[in-house]
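Notes for the structure review
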Amino acid sequence: MIIFDKVSKKFPLGNYGLEDVSFEIDDNDFVFLVGPSGAGKTTVIKLILKEYQPTSGSIIIDNEDLLSLSFNKISLLRQKIGVVFQDFKILNDKNIFENIALTCKIQNLSFKETKEKVREALSLVNLEDKEELFPIQLSAGELQRVAIARAITGNKKYLIADEPTGNLDPKTTWEIMKIFKKLEGKKTIIIATHNSDIVNSLKKRVLVLKNGKLIKDKRKGGYDL
Amino acid sequence: MKEILLSIKRTPYQSLASFLVLFFTVFLSMILFISLTFLYGLLNYLETKPQVTVYFKSNTPENNIFKIRDELSQSGKILSIKYISQKEAFKIYQEANKDNPLLLEMVSADIFPPSLEIYAKKPIFLPEIAEYLKKQGDVDEVQYQKDLVDQLLSLTNFIRKGSLIFFIYLLTMSILVLTTTTLFKIALKKDEIELLKLLGASKSFIRRPYIKEGLFMGFITSLFSFLIIVGLFFYFLPFLKEYFIDVPRLYLNLGMINFNIWPLNIYFFAFVYLLSLIFSCTITTISSYLATNKYLK
């Protein structure tokens, strides 16, 4: 469970990334985080990953207050969160298998377990035959699927995606969303997006951010700014 | 291993710079260490020889000699004292010249002076002991290897102090250069490190490849330095054999055990290699740790 309690994030120049934001996300919930550019979607994700420190308020994940976590505990927390980054963050000098296996290596899984989990994830994103290829040999849509495969590999409880369809054509966008749909109910999924079609079609919980403030929190909501 | 070789291949100049600096440090440190080892071995060897021999006048009563012997024994500076009577001295002479009857003719025990062979606890006590003996009335002559011992002592002291300063300089230089080259390597992998942090990698997980590469570099460097040192030893072996012709054995006192260094033996070489391996791996580990620490704060 993720709890934001009156969280504010003020940047050094004085502008607010988030202002007095509170919400709770239950386990296995499916949530869209929407809002225009600069609304604070990425700030929420960075606060969950403890890349940012809140200026005030508290963030609690699985009963742990992020403010009091040591580096080692932050590492353990991050091992529970799979993240799909907007720019994929796929390492070009490693092949697809090695990129996905990174999370398993971090969790000290055996090679046999790693192999099983990577193949399972590749099968879920329909890239079974691409494990030996290098990122440069894949399309943007395929790279996004690799990023999702990496995010779900290795016993992740949370899946957070920051604009996962931002650079993709409509067909590939829907293929990616199908993957998220397959994972619904198995993990807590948080997707930050601009894509109104997806939000309106899937009818999931929607958190609407504007100028760093949470202006709407609606179950079965739509892209309604 | 594959990752280590790949990393070296990707940053050939940084790797070469690391290797050369580390090789320079390890090789010179080993040379200094071996030089000091041999000097200490020589000092130990000299300590096994009668360091001071005092000859008394032929008519000196034994009681006077025993009195001097007892006084020296009680000074706390003496390891052992051996009394050689005129008869014993004559026997030694006979044994030494048994193949030359001409030298044995016309010689009796009376012409050999009684003597004391004195072994000091430390070479530094030798001048003091010699001075004391010279002041005794019955003493005819005091012999001791003052110049040799003095020279060896001052040389050992000089090399030890000089080595320490040089060693600290080498150590600082190599750690700085290796840390800088590792920082270059990390800068090339900055994105990967950021990603690993976001995926939940621990500090030790992020450090591991750099530490492993450092250990590999340490191993290669120590092996390379060691092979060159062994080569040099064998090249200079005829000279060393000639130089140490009268020295049957040199050893280093390591507390409980005496470690043989001459004649050259496999244990000595193994010890030198082990030491160079530990030394080079320590340098690379410290450097990798310092470099990665900067990115993990």
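Residues numbered from 1 in each chain as written. Chains lettered and ligands numbered in written order. Predicted model: local features only at pLDDT ≥ 70, side-chain atom pairs only at ≥ 80, totals over all residues.

Counting secondary structure elements, chain A contains 7 helices and 10 strands. Since a compact globule built from 225 residues should have a radius of gyration of about 17 Å, the 17 Å found for chain A is in line with a globular shape. Overall size of chain A, expressed as C-alpha extent along the three principal axes, is 45 × 40 × 35 Å. Out of the 225 residues in chain A, the part that is buried amounts to 41%. Counting contacts in chain A only where the partners sit at least 6 residues apart, residues at least 24 apart contribute 68% of the total. (Helix = DSSP H or I, 4+ residues; strand = E, 2+ residues; numbered from the N terminus. Rg over C-alpha atoms; globule rule 2.2 N^0.38 Å. Buried ≥ 20, exposed ≤ 12 C-beta atoms within 10 Å, placed from the backbone. Contact = placed C-beta atoms within 7 Å.)

Below, the discussion takes up the packing of helix H3 (residues 96–106) of chain A against helix H5 (residues 140–152) of chain A. All names here are of chain A. Close contact between H3 and H5 brings their axes to 7 Å; oriented N to C, the two are set at 30°. By the angle between their axes, H3 is roughly parallel relative to H5. Read as a crossing pair, H3 and H5 show a hand that is right-handed. Of H5, the residues touching H3 (which contributes Ile96, Asn99, Ile100, Leu102 and Thr103) are Val146, Ala149 and Arg150. Broken down by class, the residue content of the contact of H3 with H5 amounts to 5 nonpolar, 2 polar and 1 charged. (Axes fitted to C-alpha atoms, helices over the stretch in contact; angles between N-to-C directions. Parallel < 35°, antiparallel > 145°, perpendicular 65-115°, else oblique. Left-handed = near helix turned anticlockwise from the far one by under 90°. Nonpolar A, V, L, I, M, F, W, Y, C, P; charged D, E, K, R; others polar.)

Overall, the prediction assigns chain A a mean pLDDT of 89, with 100% of residues at 70 or greater. Across chain A, the element-wise mean pLDDT spans from 85 in helix H6 (residues 170–183) of chain A up to 94 in strand E4 (residues 56–61) of chain A. (pLDDT = per-residue confidence, 0-100.)

All names here are of chain A. Bridging between strand E3 (residues 30–34) and strand E9 (residues 205–210) involves 4 bridges; their strand directions are parallel. Across the sheet, Val31 pairs through a bridge with Arg205, a residue of E9. Here E9 runs beside strand E10 (residues 213–218); their pairing, made up of 5 bridges, is antiparallel. Bridge pairing links Leu207 to Asp217 in E10. (Pairing = 2+ DSSP bridges.)

Glancing now at the interface of chain B and chain A. Interface size is often expressed as the accessible area that is lost when the parts come together. Contact with chain B, which involves 9 residues of that partner, is made by 13 residues of chain A. The set of elements that each furnish at least two residues to the side of chain B that touches chain A consists of helix H8 (190–198) and helix H9 (203–235) of chain B. With 3 residues, H8 of chain B is the largest single contributor of residues to the side of chain B that touches chain A. Of the residues belonging to the side of chain B that touches chain A, the class tally is 5 nonpolar, 2 polar and 2 charged.

Working definition: the strands of a sheet are paired by backbone hydrogen bonds and lie parallel or antiparallel to each other. Residue and element names in this part refer to chain A. Strand order in the open sheet made by the 6 strands is E6-E7-E8-E3-E9-E10, with mixed pairing throughout. The open sheet has two edge strands, strand E6 (81–84) and E10, and neither has a second partner. Each strand of the sheet is rotated relative to its neighbour by a mean of 15°, with strand direction disregarded. Where E6 meets strand E7 (residues 158–162), 4 bridges bridge the pair, whose relative direction is parallel. Opposite Ile81, over in E7, you have Tyr158 as the bridge partner.

Residues and elements named next belong to chain A. Strand order in the open sheet formed by 4 strands is E2-E1-E4-E5, and the pairing between neighbours is antiparallel. Because the sheet does not close on itself, it has two edges, and the strands there are strand E2 (16–25) and strand E5 (64–65). Contacts from helix H1 (residues 41–48) reach strand E1 (2–10), E2 and E4 within the one sheet, and its direction differs from that of E1 by about 115°.

Here we come to helix H11 (residues 266–296) of chain B. Relative to the 45 Å expected for 31 residues at 1.5 Å per residue, H11 of chain B spans 44 Å between its end C-alpha atoms, a close match to the ideal helical length. Listing the buried residues of H11 of chain B in full gives Phe268, Val272, Ser276, Phe279, Ser280, Ile283, Thr284, Ser287, Ser288, Ala291 and Thr292 of chain B. (Expected span 1.5 Å × (residues − 1).)

Of note, the amide linkage connecting Trp262 of chain B to Pro263 of chain B takes the cis form, showing an omega dihedral of 0°. Among the structural elements, Pro263 of chain B can be located in the loop between strand E6 (257–262) and H11.

By size, the foremost hydrophobic cluster in this structure holds 64 residues, and its most contacted members are Leu33, Ile48, Ala147, Ala149 and Ile160 of chain A. In terms of residues, this core owes the most to one element, H5 of chain A, which gives 7 residues. Each residue touching Ala147 of chain A, except ones within four places of it in the same chain, is listed here: Val84, Phe85, Phe88 and Ile90 of chain A. Leu22, Met217, Ile261 and Val272 of chain B belong to the second largest nonpolar core, which has 15 residues in total. (Core = buried A, V, L, I, M, F, W, Y, C linked by C-beta atoms within 7 Å.)

Residues and elements named next belong to chain A. The residue Phe180 is located in helix H6 in this model. Given 22 C-beta atoms within a 10 Å radius, Phe180 is considered buried. Expressed as a C-alpha distance, the spacing of Phe180 and Leu124, which sit 56 residues apart in the sequence, is 10.0 Å. When near neighbours in sequence (up to four residues on either side) are disregarded, Phe180 contacts Ile189 and Ile191.

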